[in-house]
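Working through the structure, step by step
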Amino acid sequence: MKSHLHRLTLLAAVAALTTGLAACNKTEEQTAGQKLDSAISKTEDAARDAQASAAAAANEAKDAATRAGNQLKEGAAQMSADASAAASRMADSAGDAAITASVSAGLLKDPDLSAIKIDVNTKDGIVSLSGPAPSSAAKERAETIAKGVTGVKEVRNNLEVKG
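The notes below deal with the structure included here. Going along each chain's sequence as written, the residues are numbered from 1 onward. Where local features are concerned, this predicted model is filtered to residues with pLDDT of at least 70; where side-chain atom pairs are given and counted, the filter is 80 or more; whole-chain, interface and lining totals use all residues. Calculation of side-chain values draws on the structure's entire complement of heavy atoms; hydrogens and water are dropped beforehand.

What to know about the pairing of strand β3 (residues 154–161)
Threshold: In this analysis, strands are considered paired if DSSP registers two or more bridges between them. Segments assigned H or I by DSSP are reported as helices when at least four residues long, segments assigned E as strands when at least two residues long, and all are numbered from the N terminus. A crossover counts as right-handed when, viewed with the strands pointing away from the observer, the path leading from the first strand over the helix to the second turns clockwise.
Note that strand β2 (residues 126–133) and β3 share eight bridges and pair parallel. Following the sheet pairing, Gly-131 is matched in β3 by Leu-159. Handedness of the β-α-β unit built from β2, helix α3 (residues 136–147) and β3 comes out right-handed.

Below you can see the structure in the form of structure tokens.
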């Protein structure tokens, strides 16, 4: 009986294995053509996605380049304006110094004014004279000398007559 039971158990196990294996083989396998079509479709989808991503990245790069170019242009324009303003200030400053030197040299040539300390200051072409003058005539000559210098726009004669 044991051997009969053993045979039946073995037979049942073989039947179960055969059924299981038969069920495993019932999966639908794709043909080579179907697999190729599926791979081509996936590749085309990936190519479209990559193309869209590349186009978006190119647009972003173009926009960034445009913004950078505009910022460079604005920066260059500002730098140019700043340089022009600085050059103008330097020219004005140099011009003012030259005017002051010319007025002082002119005053030194006058016998009545050369012995007296007259302060000459120039700002934006406006000459200010201050200090003592020996007479009203000498005060007027100092103003005339200052007005005769190239670049002088105005003379503020603050000389005090002492005498």
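A few points about unusual backbone geometry
Trans is the common state for peptide bonds, and a negative phi is the common state for residues other than glycine. Test applied: Per-residue accessibility, obtained with a 1.4 Å probe over protein chains only, is compared with the maximum for each type, and a residue is labelled buried under 20%, exposed over 50%, and partly exposed between these values.
Phi at Asp-124 takes a positive value of approximately 55°, unusual for a residue other than glycine. Within the fold, Asp-124 resides in the loop between β1 (119–123) and β2. On the basis of relative accessibility, which here comes to 42%, the residue Asp-124 falls in the partly exposed class.

Quick look at the nonpolar core
The criterion, for reference: Only buried residues count toward a nonpolar core. Its members are Ala, Val, Leu, Ile, Met, Phe, Trp, Tyr and Cys residues joined through side-chain atoms within 4.5 Å. We call two residues contacting when some pair of their heavy atoms lies within 4.5 Å.
Val-103, Leu-107, Ile-118, Val-120, Val-127 and Leu-129 are the most contacted members of the largest nonpolar core, which totals 16 residues. When contributions to this core are tallied by element, the ones reaching two or more residues are α2 (32–109), β2, α3 and β3. Excluding residues that lie within four positions of it along the chain, Ile-118 makes contacts with Leu-107, Leu-113, Leu-129, Ser-130, Pro-132 and Leu-159.

Regarding the pairing of β2
Bridge analysis of β1 against β2 gives five bridges, and the strand direction is antiparallel. Opposite Thr-122, over in β2, you have Val-127 as the bridge partner.

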